[in-house]
Amino acid sequence: MASVLWKPLRMTAAENLDQLGVLSIPGVLTAPQCADIERELAPLVSDSAGTRQLLQERWCKALATQLREHPSLKQLLASTPRAVQCTYFEKDRLRTWLVSLHQDLSIPVAQRVEALGWQGWSLKQGQWFVQAPPTVLASLVAVRLHLDPCGPEDGPLRVLCGTHLHGVIDAELAPGWRQRAAEQTCVAHVGDVVCMRPLLLHASSKATGTSRRRVLHFVFGPASLPNGLRWPDLADSACPN
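Fair warning: this is a prediction, and the values are worked out from it, not measured in the lab.

Peer 1: With reference to specific residues and values, describe helix α1 (residues 13-20).
Peer 2: Considered for burial, the residues of α1 that qualify are Asn 16, Leu 17 and Leu 20. Seen along its axis, α1 keeps its buried residues to an arc of 100 degrees; they face one direction. Where α1 is buried, its residues meet β1 (22-25), β8 (141-146) and β11 (193-196). With its phi angle positive at about 85 degrees, Gly 21 sits one or two positions after the end of α1.

Peer 1: Which residues make up the pattern of salt bridges, and what values do they have?
Peer 2: Applying the stated criterion to the full structure yields 11 salt bridges. One salt bridge connects Arg 197 with Asp 18, and the closest N-O pair in it is separated by 2.7 Å. With Arg 197 in the loop between β11 and β12 (202-204) and Asp 18 in helix α1, this residue pair connects regions lying 179 residues apart in the sequence. Given the relative accessible area of 35%, Asp 18 is considered partly exposed. The partner of Asp 233 in a salt bridge is Arg 230, with the nearest N and O atoms 3.3 Å apart. Through salt bridges with shared partners, one network takes in Glu 38, Asp 148 and Arg 214.

Each value, and the rule that gives it
- Residues numbered from 1 in each chain as written.
- Predicted model: local features only at pLDDT ≥ 70, side-chain atom pairs only at ≥ 80, totals over all residues.
- Heavy atoms only, no water.
- Buried < 20%, exposed > 50% of the residue type's maximum accessible area, 1.4 Å probe, protein only.
- Helix = DSSP H or I, 4+ residues; strand = E, 2+ residues; numbered from the N terminus.
- Arc of directions from axis to C-beta.
- Contact = heavy atoms within 4.5 Å.
- Salt bridge = Lys/Arg side-chain N within 4 Å of Asp/Glu carboxyl O.

This is the structure:
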């Protein structure tokens, strides 16, 4: 199905996110604010196309709080008060990759705990990750902050709207959903945010243009986890007043 842009529905922002699984919010940060973030990032990511460990940085925790308290995001994140992960992605024509259609099924946790419904344990950059039960995954919100303009040639995020409402989808069946759901291409300007439910089927193409596409991908979750699991010690523990 050809890529389409959703027209605004007569729903609140939170209702749009819940129903479509994706919501673009323009101008959350200014260009100077994004430039400040770039300076903080520079010594951390100069030789890498990405990193998962940014929440250990004080400035990143402060940024998570700033996003959580932003008037356009506060209500969207009311039930997910903790920033539990921040991943940096950088894509350009020379440093690019193709991401096939998938759901984000793994979350970071403090330690391995054997519990019913938690599976697929892995250790990445010294951090435990596990595939959480669908009820936990459905409660999460990803907040993608764009530090650069992201057009159709910059490998933008592409999503199949509404697919998050169908729980965990067999990876072999994911391509078939292109015939059943409208695809949205998430272009953005500097300082724009794209909010997404991690269970939403999403993908991205290789960058073919000459621009950089740098994104800070925050994941916000509930204050605590069930079954004796805990968020990583680096997770942002502050909750909104």
